[in-house]
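Coordinate analysis (summary)
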Amino acid sequence: MLLVFPGVAHAAVGDFTYANRDGHLIIFRNPEGCYDTSASGEMWNETNSSAKVYALPNCEGEILLVLGPGKRADIPGFRSVHF
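This write-up is about the structure you can find in this document. (Residues numbered from 1 in each chain as written. Predicted model: local features only at pLDDT ≥ 70, side-chain atom pairs only at ≥ 80, totals over all residues. Heavy atoms only, no water.)

Once that is clear, we can look at the pairing of strand β4 (residues 39–47). For strand β1 (residues 14–20) and β4, the ladder comprises 6 bridges, and the chain directions are antiparallel. The partner of tyrosine 18 across the bridge, within β4, is methionine 43. The pairing of β4 with strand β7 (residues 71–74) spans 4 bridges and is classified as antiparallel. Counterpart to asparagine 45 in the pairing with β7 is lysine 71. (Pairing = 2+ DSSP bridges. Helix = DSSP H or I, 4+ residues; strand = E, 2+ residues; numbered from the N terminus.)

Structure below.
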């Protein structure tokens, strides 16, 4: 018997990496939910889930990009990301 519960969140499997304003790489391992960033723009989504990239902190405001699994992008000044 398989039970499925709609709306239950699961962590993405893999790493989401971005370069912060100082040029250091920040890695979220198996991310789940919303993460605030201090991003320079470069990002790599090496998870099995799409990442929604937001213009404002707390995953609010305009969605700048939906970055699919295995993709990379350069979006200057994004402030948060959600999985």
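The strand order across the open sheet formed by 4 strands is β3-β8-β5-β6, and the pairing between neighbours is antiparallel. The sheet terminates laterally at β3 (34–36) and β6 (60–67), the two strands that pair on one side only. Averaged over all adjacent pairs, the angle separating strand axes in this sheet is 25°, with direction ignored. With 3 bridges joining them, strand β5 (residues 51–56) and strand β8 (residues 80–82) adopt antiparallel strand pairing. What sits directly across from lysine 52, in β8, is histidine 82. (Axes fitted to C-alpha atoms, helices over the stretch in contact; angles between N-to-C directions.)

The subject of this paragraph is the pairing of β1. For β1, a buried count of 6 out of 7 residues is recorded, marking the element as mostly surrounded by other parts of the structure. Sheet topology note: the β1/strand β2 (residues 25–29) ladder contains 5 bridges and is antiparallel. Among the inter-strand pairings, aspartate 15 is bridged to a residue of β2, identified as arginine 29. Between the antiparallel neighbours β1 and β2 lie 4 residues, among them glycine 23 with a positive phi of about 90°. (Buried < 20%, exposed > 50% of the residue type's maximum accessible area, 1.4 Å probe, protein only.)

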